[in-house]
Each structure stands twice: as structure tokens, then as C-alpha cells.
Amino acid sequence: MGVDKIWVLVERADGKVPPAALELLTRARDLATTVEAVAWGPDVAAVAAELGAYGAAAVLDAGDPGDALVGAPVAGAIAAAVALGNGPDAVLIAATYDGRDIAGRLSARLDRPVITNVVGLEADGDGLLSEHGIFGGTQVATARFTGAGPALFVVRPKSFSAEPGGGSEGAPQVRPLPSGDLGSTNTAAIVAHHAEERTGPKLDEADVVVSGGRGLGSADAYAMIDELAKLLGGAPGASRAIVDAGWVPYAYQVGQTGKTVKPTVYLACGISGATQHMVGMKNAKNIIAVNKDQDAPIFTVADLGIVGDVHKVLPKLIEALKARS
Amino acid sequence: MNVAVCVKQIPDPAAPPALDPVTKNLVRTGKLILDDSDSYGVEMALQLAEAAGGGEVTVISMAPGGETSGLRTALAMGAAKAILVSDDALAGSDALATAKVLAAAVRRSGADLVLAATESTDGYTGTTPVQVAELLGLPSVTFAKKVTVDGSSVRVERQTEAGYDEVTCPLPALVTVTAGVVEPRYPSFKGIMAAKSKPLEQLTVADLGIDAGEVGAAGARQVVVDVAAAEARASGEIVVDEGDAHERIVQMLDQLKVI
């Protein structure tokens, strides 16, 4: 057994508990005597039973930030609890937009460093060892914290599998966390939400992901990726190069900076396979790559590599799939 | 409006990275360049200062060996001045120690708005900007894909899982920008010449009033105990397209029962 107590942050989307939080609860059960979930926003009690079923002995309510961005108030509440001597030995945070905000603020408030890009956690005596990918995930560094205070880990989604267990009968108790003194750090407010029109499955949950890269040549050619994704019931993705070029939004990005995907099939079209991209997709169960450069690094991980021009191969593939449906 | 941009000078990403075999820190000797991710923040700062009708853009960096080449690039793009913090005591600093140094330098710059990239290309910890904001007691908006300043507040389109949120925040504030938010300009010849005479202040840890024991390897509270190659994935079948390679893809998709 590693540590006494781990807190797992639960960032809900539309009130639902995402897989990333359940993955962290599952892993935390094997590393700590007590696992507690930290949640925020309206009606935290509504998800207590579900979190309990994955091993949370209690659910700690960090309050409802309302329209404020969550980084400052959630970090403030956790730091206030730590200051009162009620803190955990480690905090596990999923690597999301808000998760990273909370981690950065919490680190500064507690004066504790934070280890990010974590893909593995192991017990080490009465502490924890973390594994995190470096150099685009081609190498794995193992690290541990020294000194007093909670260890802060930002974990990449899909690093662990989620399985129910370790729970007690009924929903665990919900307890409020104290509020932190936020000063002007809490003044960033959301005035409007915009949902991008997306049909089909989410990028990080899709069974098939079709991604495009610089080899497409132009933003217009991305239409082929959209069409292929639709035909395969999958989600369209992108390399950093074409996101940087403004062809598609940031949310499409697969890689170290973007999403981590583990679909049954990953179809990489015109993507050379920079390490920055590979770290986000190399754990796909099957990888198919189309690239005209036979020396492209993407072919070193592809189960099927097609050396060819995406402008010739993809239209024919689209026609062939249409003919079947 | 004065804007400070935190930038990182990194080894050329095209060159293979290396770790010091003893300290397990990134080897950062040799020529460093402006992280490509930071060129977007510099461009954004220049555009915002211009739109606000004036004000200076200050670029701030922490780097070993008095490295200034990346800062000169930013100055050549149009930044007015630069602050470099370089000190042997900083070797082996973690992200939080780096944030402490940058926060102290930002405070010195007197900026109304602080910009940074979402993360660096080489280390990609991705927490330093928000740590800077917290240390300065500032609000922050991360993952901006559009930024406008309206008098005393900043309005940001912030990337979310579902799309984007419109966020407003009073100044002073810190904003991190995603790559692609603007099109970075190339330094002109005139800009490159002008950059040579722009003010570049070089500071030590002591100049910033920071205790050397709090930063660098002396202040680090995480140790890397091992580094190993990640599990490699074997490559599979390679087919050179002769007009019918799509059929092999269809066949494989069929076998995998995704069609």
C-alpha cells in the first residue's frame, strides 16, 4: 500500500462523470487506504453514488463556481482544506483544460511542484512513483516527490482502465470543503457557451478516428477526412501542424498537446508522425497510415502503411465505402 | 496598455533532445531558439498593443548562459524591450520555480496583460503560466483562440471540450494563447537591425529578490529516479499504392468489423 489518502478531482461535463475521473478512482483504490472524490458545481450529491461505486469513501464538495472559471475557486478550496490539516497525500487530476488550470493554481498555493503528462502511478514504500512521458512519449521518466505536502499529479486520460469496485453500500457522505481566499484571481467569468456543431462520436471516445495532416496540402482537402469519418461512424482528428495552420479547431488535435485517443482503428492521412502526434495515438489498437513519403515515421507504428498520395487513395476509399453502404 | 509575454528559448526541436545522465535534466546547452509556440503570443501582444493605441510589449525569458537569441527574434518582430533572467542557481528548476522567477520579472515589467503559450514545445509541462498568475494574484484565462481588449477588461474565446466559451476578465490578467490564434509575422531586415539596439535587461535571481535555495536543483522537490525508452510498437505491412491500395484498407476495416 502506498499512501493514506488520495483525492481524485471529478470534473463533470453536463452533470455527468467522465471516464477520466473513473479511471483515476480505479487506480487510486490500489494506491491508498482512503480515496475521496472532489467535485464542484451544482448538485454534487447527484453523482455521489456513482463515485462511491468506484471506490470513493466520501465526496468533497468544493462549491459551485457559478459563471467563474473553475481553476481559482477549486484550487482555493483544496488549499484551504490542506491548510487546516485535512489534506491528502496526493491529488490526481485529469489532463483537461480546467484540470490544468486547477493544478497550476493549486501548485502555487501549496508551494508544491506538479508532475504532468503522467501515464502511470505505482506505490513506492509509503509514497508514490509516477511515470510520465517525455520527448513526445518516446521515453518514460519515473519520478517521485520529496518534502512535506501533497504530491500533485496531472494524468493523461486513458492511462488506466475504469472498473467499479471498492465501494461500500449506498452513496458515500458528501462533505463541503472550506472556501479559499481568492482575491482578484476569481474574476474571470464565462458570459456565453458555444457548442461546435459536431455529429458523430467524440474524438476521445470514438471507435474509429480519421486524422489529417499537412500532407492534405490545403484546408479544403480536410473535407475528405470529414467524409471518411462520417462513413466509418468515427470522429475526425488532426495533427498539430494543421491546427497551427488554422485549418481545423484546436479541439480536433490529437497528440501531446491535444487529445489522447485509443480507438479500434486510427487512420492517419498525410501525417508524417512527429513525436508530438504519436504520443496521442500510438496506443490505438490498429493503425492505418497513408503518406507519400515512405520514410515517414508514422510507418514505424502502422499496422498497415500505404505509401501513396492521399489525394489519390482517399477519394477511391470514399467511393469504395459508399458503394458498400 | 503594456503587455508582457513570457517566452521560452529552447533547443532546436529538429535536433534530437537529450538528458543529462546524472541529473536527468534536459540538456540545454548550445544555441537556443524562440519556441515556435511563443511566436503566437508575441504576435498577439503586438496586435493588442497596437489596437489599444500604444503601449509597450516586453518579452520575458529565463534561460541558461545569458542566452538571448530567441529574445532577439521577438524584439525583431517588434517587441520594445526584453528581460532575461539567467543564473547558474536556476539549473534544474522545476515548473513552479520557473514560475516564481517569471512572476518576479513580470511584476518588474508593470504589465497590464501577461501572455504566454499554453505550453512549451520541449518540456510541455503546461502549468507554468497559471502558476505565474496565482503567484501574482491575477485572474487567468487559458487556451485562448481569440483575444480582444476593451478598455480595462480582456475578452477571450476559450477553447473547451464542447466548443468555446466567451470569457471576460478585468485587467491586469494573464492569458495563454493556443497556436494558430494569429499569424506570426516574420522579422523584417529593418526589424532585425533595430532589435540589436533595443533594451535587454539581464537579471540574476538575487536581482529579483529570490532566495537561490528556493529555485534550481536546490529547491526542487521532485526527483527523476529513472528514464527508460517507451515500449516500441512494431511496424506492420507496407503497401506501395499502385492505384488499388484503398482495397487493402477496406479489407482491413472489414476484418476489424468496423464496416
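Residues numbered from 1 in each chain as written. Chains lettered and ligands numbered in written order. Predicted model: local features only at pLDDT ≥ 70, side-chain atom pairs only at ≥ 80, totals over all residues. Heavy atoms only, no water.

Draft legend 1. Region of the structure containing the overall build of chain A. Counting its secondary structure elements, chain A contains eight helices and 15 strands. Projected onto the principal axes, the alpha-carbon positions of chain A cover approximately 65 × 45 × 40 Å. For chain A, contacts bridging at least 24 residues in sequence account for 67% of all contacts bridging at least 6. Just so you have it, chain A exposes about 12100 Å², and 49% of that area is on carbon and sulfur atoms. (Helix = DSSP H or I, 4+ residues; strand = E, 2+ residues; numbered from the N terminus. Contact = heavy atoms within 4.5 Å. Areas by Shrake-Rupley, 256 points an atom, 1.4 Å probe, with all protein chains shown as cover.)

Draft legend 2. Focus on the overall build of chain B. For chain B, the count of helices and strands is seven helices and 13 strands. Residue burial in chain B is summarised as follows: out of 259 residues, 49% are buried. For chain B, the accessible area works out to roughly 11000 Å², and carbon and sulfur atoms hold 52% of it. Charged side chains in chain B number 21 positive and 34 negative. The centres of these two groups are separated by 5 Å. (Buried < 20%, exposed > 50% of the residue type's maximum accessible area, 1.4 Å probe, protein only. Lys, Arg positive; Asp, Glu negative; His and termini not counted. Charge placed at Lys NZ, Arg CZ, Asp CG, Glu CD.)

Draft legend 3. Examining the domain arrangement of chain A more closely. Residue and element names in this part refer to chain A. Looking at chain A, the domain boundaries give domain 1 (3-186) and domain 2 (208-324). Placing a centre on the C-alpha atoms of domain 1 and another on those of domain 2 gives a separation of 33 Å. Opposite the eight residues of domain 1 that make contact, domain 2 presents 12 residues. Summed over both partners, the interface of domain 1 with domain 2 comes to about 800 Å²; 45% of that surface belongs to carbon and sulfur atoms. Seen at the junction of domain 1 and domain 2, the total is zero salt bridges. At the junction of domain 1 with domain 2, the criterion picks out four residue pairs in polar contact (both at pLDDT 80 or more). Among the residues making up the side of domain 1 that touches domain 2, the classes are represented as three nonpolar, three polar and two charged. (Domains from an automatic or database assignment. Buried area = accessible area lost by both parts, 1.4 Å probe. Salt bridge = Lys/Arg side-chain N within 4 Å of Asp/Glu carboxyl O. Polar contact = N/O pair within 3.5 Å; in protein donor to acceptor, adjacent residues only side chain to side chain. Nonpolar A, V, L, I, M, F, W, Y, C, P; charged D, E, K, R; others polar.)

Draft legend 4. Quick peek at empty space enclosed by the protein. One pass over the structure, following the stated rule, counts four cavities of 30 Å³ or more. Arg240 and Thr257 of chain A together with Thr118, Thr178 and Ala179 of chain B are the residues nearest the centre of the largest cavity, which is lined by 13 residues in total. Among the elements of the structure, helix 6 (240-244) of chain A together with helix 1 (36-51) of chain B are those that each provide at least two residues to the lining of the largest cavity. Of the residues belonging to the lining of the largest cavity, the class tally is five nonpolar, five polar and three charged. Considering the residues around the second largest cavity, the lining is formed by Leu69, Val70, Gly71, Ala72, Asp101, Arg105, Thr185, Asn186, Thr187 and Ala188 of chain A together with Ser140 of chain B. Contributions of two or more residues to the lining of the second largest cavity are made by helix 3 (71-83) and helix 4 (97-110) of chain A. (1 Å grid on protein atoms, 1.4 Å probe; cavity = no way out; pocket = protein on both sides within 12 Å on 5 of 7 lines; lining within 4 Å. Points joined across faces, edges and corners; volume = space filled by probe spheres on them.)

Draft legend 5. Quick look at the packing of aromatic side chains. In total, this model carries five aromatic pairs over all chains according to the counting rule given. Note on Tyr97 of chain A and Tyr250 of chain A: the rings are 6.5 Å apart at their centroids and 45° apart in plane angle, and the pair reads as tilted. Here Tyr250 of chain A lies in the loop between helix 6 and strand 13 (265-269) and Tyr97 of chain A lies in helix 4, a separation of 153 residues in the sequence. Pair check on accessibility: Tyr97 of chain A and Tyr250 of chain A agree, each one buried. Here the aromatic rings of Tyr222 of chain A and Tyr252 of chain A are separated by 6.0 Å at their centres, their planes lie at 65°, and the arrangement is edge-to-face. Here the residue Tyr222 of chain A occupies a position in helix 5 (residues 222-231), and Tyr252 of chain A occupies one in the loop between helix 6 and strand 13, the gap between them amounting to 30 residues. Residues Tyr222 of chain A and Tyr252 of chain A agree in their burial class; the two are buried. Three or more aromatic residues link up through ring pairs in this structure, and these residues are Tyr97 and Tyr250 of chain A together with Phe143 of chain B. (Phe/Tyr/Trp six-rings, centres within 6.5 Å; stacked < 30°, edge-to-face > 60°.)

Draft legend 6. Representation of the pairing of strand 5 (residues 81-85) of chain B in the model. Residues and elements named next belong to chain B. Among the five residues of strand 5, four are classified as buried, and the element is accordingly described as predominantly covered. Relative to strand 5, strand 4 (residues 57-62) is paired through five bridges, and the arrangement is parallel. Among the inter-strand pairings, Met62 is bridged to a residue of strand 5, identified as Val85. This β-α-β element, strand 4 to helix 2 (residues 69-77) to strand 5, shows right-handed connectivity. Across four bridges, strand 5 lies against strand 11 (residues 200-203) in parallel orientation. Its bridge partner being in strand 11, Leu84 is matched across the sheet by Gln202. (Pairing = 2+ DSSP bridges. Right-handed = clockwise from strand over helix to strand, strands pointing away.)

Draft legend 7. Highlighting the nonpolar core. Among the nonpolar cores identified, the biggest contains 43 residues, and Val5, Val59, Val147 and Val175 of chain B are the most heavily contacted of them. Considering every element that reaches this core, the biggest residue donor is helix 1 of chain B, with seven residues. (Core = buried A, V, L, I, M, F, W, Y, C linked by side-chain atoms within 4.5 Å.)

Draft legend 8. Representation of unusual backbone geometry within the structure. A cis amide bond links Leu171 of chain B to the next residue, Pro172 of chain B, at an omega of 0°. Within the fold, Pro172 of chain B resides in the loop between strand 9 (163-170) and strand 10 (173-177). Phi is positive for Asn117 of chain A, close to 60°, though the residue is something other than glycine. Tracing the backbone through its elements, the reader meets Asn117 of chain A in strand 5 (residues 114-124). Judged by its relative accessible area of 11%, Asn117 of chain A falls in the buried class.

Draft legend 9. Quick look at the pattern of salt bridges. Residue and element names in this part refer to chain B. Under the counting rule described, the total for this entry stands at 22 salt bridges over all chains. Glu56 is paired through a salt bridge with Lys81; the nearest N and O atoms lie 3.7 Å apart. One end of the pair, Glu56, is in the loop between helix 1 and strand 4; the other, Lys81, is in strand 5, with 25 residues separating them in the sequence. A residue is classified by how much of its surface remains accessible, and Glu56, at 37% relative accessible area, is partly exposed.

Draft legend 10. Examining the interface of chain A and chain B more closely. In this complex, chain A contributes 82 residues to the contact, which on the side of chain B involves 78 residues. Interface area, chain A with chain B, both sides summed: about 7200 Å², of which 56% is carbon and sulfur. Contact with chain B buries surface across chain A, with Tyr97, Arg100 and Phe135 of chain A losing the most and accounting together for 10% of the total. Across the contact surface, chain A and chain B share 36 residue pairs in polar contact (both at pLDDT 80 or more). Ranked by residue count, the leading element in the side of chain A that touches chain B is helix 4 of chain A, at nine residues. Of the residues that constitute the side of chain A that touches chain B, the class distribution is 39 nonpolar, 25 polar and 18 charged. Across four bridges, strand 15 (residues 304-307) of chain A lies against strand 13 (residues 237-240) of chain B in parallel orientation. Residue pairing across strands places Val307 of chain A opposite Val240 of chain B, the latter belonging to strand 13 of chain B.

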